[in-house]
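Residue-level listing of the chains:
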Amino acid sequence: MRVLVLNVGSTSVKYNLYEMDTEARLADGRVERVGTDEATHVHGGANDRVDGRTAEGALRAILAHLSREGGPLGSTGLAAVGHRVVHGGEQLISPTPIDDRVESIIEECARYAPLHNPVNLAGIRAARAVFPAVPHVAVFDTAFHAQLPAYAYTYAIPHELYLEKGVRRYGFHGPSHQFMALSAAEHLRTDLSRLKLVTCHLGGGASVTAIDNGVSVDTSMGMTPLEGLVMGTRAGDIDPALPLLLARDGMTFEQIDELLNRKSGLYGLSGVSADFRDVQRAAEGGDPRARLAIDVFVHRIRKYIGAYTAVLGGADAIVFSGGIGENSALVRRRVCEGFIFMGVALDDQANEHERAADHGGIVEVSAKRAPTKVLVVHTDEERMIAREVMRSVVGPTAVIRSVRARPIPVGVSVRHVHLSRADCDALFGAGYELTKRRDVTQPGQFVTRETVDLVGPKGELRGVAIINPLRKQTQVELARTDAFALGVSPPLRESGKLDGTPGLTLRGPAGSVKIESGVILAHRHVHMSPSDAKEIGVNDRDMIKIRVEGDREMTIGDVIVRVSPDYALDLHVDTDEANAAGLNNESVVAFEGIQETAS
Ligand code: ADP
């Protein structure tokens, strides 16, 4: 299966074509100066003038090149086109097949990535026109950080800004950090689930990520790619009062934006260049500003590595990548200096002379006995994107974990009874029709005005709700606390599975009935329609985990999915479960992941 990965920027279109059975790269190249009359297709040493006045023109030139007689596309055709998209917000997390809805979410997210998302989107639209018959999949820079814990992604500003506008940290460079983590696990021959890693992507943009168990648990970039490390032209962390001060001094919004995004970082500090090599040359020539630029650059990385080692409770490896991380022995040496207390010591010889590219993409540069490994990775974001595209094409598991992005409403099931016709007759009189008090969330069901009393060996519960319609067999659903009060010991069961369950006495105005079986603790479950199930990425009878946020935050597993066209999206828990998690009928929870698939 062949996958074409596109990275459309404001003036260039980069492409990589992979054969995914072997992950062999069949072709790569780029069209530069897109949008001008001088667009040039650079590939394998050649420079061809093409009509690249629009992204679509550039893509047509690439398509013609790849599918030429004897070209790498040959007659096989494409299985999918993958698009690198910078910001997916909270709604687009998994690699996502692109349709009009996805396009409009990418457009909304441009608010937080104004330099990138609009050009990414233009590229997607052009590519859909050029490759109309092939699935297009978006892979997001933010996606790998989707599981950041709330305490890591939340800014300490009024919470309404998050709830109403999605102001939070998202993190970027996802494919690179993910690729580094996978490469490190492979190199260390250890499952990712047993590794704590600090990954440093140091290129034109730069970020550090703390990875525990294969999951990004903190990352230095924030709501936009401006936060965190010192970068080529970006400031990274500053006092948030600084833009206010600049504004007070008369700078416009555009000027401040320009200052922090394009005139700061290595460039602004050194006054020489945004390119690390130029700054290093100037520093070596004795330029004090260039020296300071490197000092600030290195110090910031050290701070983050220290902080993230603390966040992780220790690190098995520190991983470097990106143009600077991969190539600058100086930066790695200065960053790792004095980290012996964290078990970090470099093998100077290896650090100076070994190159990841000569060792299949990863090389170890730490001293032999140092407990914390230092690894250098030749990152390959495009390959990572191609893998993610395959995952999406072969079988999507859209895991959307944010409560805000897809809230699942909660229905707390208070103890209640479903009656059979015969038992209803015995309790209320022959042929009695129960009357409606209020609807419940599931269509067609309602709570009746009538109630019954439950009588057990130890005690009674009066005025227990009845839920209509009538059923074949009477069923009593209790919470464990109710069962204690009554003196019965029902098992945890799904509704309707009543074999071997205990009985109880029910008392109504017309008489009592003693049922022989039918008392259960209802197994927690979530109702949903087939379209909800498709969007969430689950199937009927899957066992899933859900996450509860709030002051009794917890993850609740063993939730059974029940899919039917008649169901509304609703999590059902009993009163004990609701109380333990601080839930009520106004609460919402999030899908956290699949625990066990039904098949
Ligand atoms: P981008 O993030 O724009 O894709 P790269 O990952 O290619 O960029 O990183 C570019 C940075 O890497 C530049 O600052 C460049 O100076 C730096 N770099 C490349 N090679 C070296 C080297 N041998 N030593 C130090 N820095 C290098």
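Residues numbered from 1 in each chain as written. Predicted model: local features only at pLDDT ≥ 70, side-chain atom pairs only at ≥ 80, totals over all residues. Heavy atoms only, no water.

Description of the overall build of the protein chain
Which entries qualify depends on this criterion: Strands here mean DSSP runs of E at least two residues long; helices mean DSSP runs of H or I at least four residues long; both are numbered from the N terminus. The buried label goes to any residue with under 20% of its type's maximum accessible area, the exposed label to any with over 50%, and the partly exposed label to all in between, with areas taken from a 1.4 Å probe on protein chains only. Any pair of residues with heavy atoms lying within 4.5 Å of one another is described as a contacting pair. Residue exposure ignores everything except the shown protein chains as possible cover, and the areas themselves are Shrake-Rupley values with a 1.4 Å probe. Counted as positive: Lys and Arg. Counted as negative: Asp and Glu. His and the chain ends are not counted at all. For charged residues, the charge sits on one atom: NZ in Lys, CZ in Arg, CG in Asp, CD in Glu.
Summing up its helical and strand segments, the protein chain has 19 helices and 29 strands in all. If one aligns the C-alpha atoms of the protein chain with their principal axes, the spans along those axes are about 100 × 60 × 55 Å. Counting every position in the protein chain, which comprises 599 residues, the buried fraction comes to 52%. Long-range contacts, defined here as pairs at least 24 residues apart, represent 64% of the contacts in the protein chain between residues at least 6 apart. Put simply, the protein chain shows about 27,100 Å² of open surface, and 50% of that area lies on carbon and sulfur atoms. Put simply, the protein chain has 66 plus and 77 minus side-chain charges, and the middle of one group is 2 Å from the middle of the other.

Focus on a nonpolar patch on the surface
Filter applied, for reference: Patches here: salt-bridge-free residues with over 30% relative accessible area, like charges joined within 9 Å, nonpolar side chains (Val, Leu, Ile, Met, Phe, Trp, Tyr) joined within 5 Å. Between Lys or Arg on one side and Asp or Glu on the other, a salt bridge is scored when a side-chain nitrogen of the former is within 4 Å of a carboxyl oxygen of the latter.
Together, Ile 238, Leu 242 and Leu 245 line one region of the surface with nonpolar side chains, adding up to about 210 Å² of accessible area. Among the secondary structure elements, Leu 242 is positioned in helix α7 (residues 241-248). According to the relative accessible area criterion, Leu 242 is partly exposed, its value standing at 30%.

Thoughts on the sheet that holds strand β9 (residues 196-202)
Rules: Strand pairing is defined by DSSP finding a minimum of two bridges between the two strands. In this analysis, axes come from line fits to C-alpha atoms, helices being fitted only over the stretch in contact, and the angle between any two N-to-C directions falls in the range 0 to 180 degrees.
The sheet built from six strands is open, its strands ordered β11-β10-β9-β12-β14-β13 with mixed pairing. Since the sheet does not close on itself, it has two edges, and those belong to β11 (215-219) and β13 (362-364), each with one partner. Taken over all neighbouring pairs, the strand axes of this sheet differ in orientation by 25° on average, direction set aside. Here strand β10 (residues 206-212) pairs with β11 via four bridges, running antiparallel. From the neighbouring strand, Ala 210 faces β11, where its bridge partner is Asp 218. In the packing of helix α11 (residues 288-312) onto the sheet, the strands contacted are β9, β10, β11 and β12 (317-321), and the crossing angle to β9 comes to about 160°. Set on the sheet, helix α13 (residues 329-336) makes contact with β9, β12 and β14 (373-377); between it and β12 the angle comes to about 150°.

Considering the site of the ligand
This is how the line gets drawn: Residues are counted as near a molecule or strand when any one of their heavy atoms sits within 4 Å of it. Polar contacts, as counted here, are pairs of nitrogen or oxygen atoms within 3.5 Å of one another; within protein the pair requires one atom able to donate a hydrogen and one able to accept it, and residues that are adjacent in sequence qualify only if both atoms are side-chain atoms.
Close to the ligand lie Gly 203, Gly 204, Gly 205, Asp 275, Phe 276, Arg 277, Gly 322, Gly 323, Ile 324, Asn 327 and Ser 328. A distance of 2.8 Å separates an oxygen atom of the ligand from a polar backbone atom of Gly 204. At 2.9 Å from an oxygen atom of the ligand is found a main-chain nitrogen or oxygen belonging to Gly 323. Broken down by secondary-structure element, the contributors of at least two residues to the shell around the ligand are α10 (276-284) and α12 (322-327).

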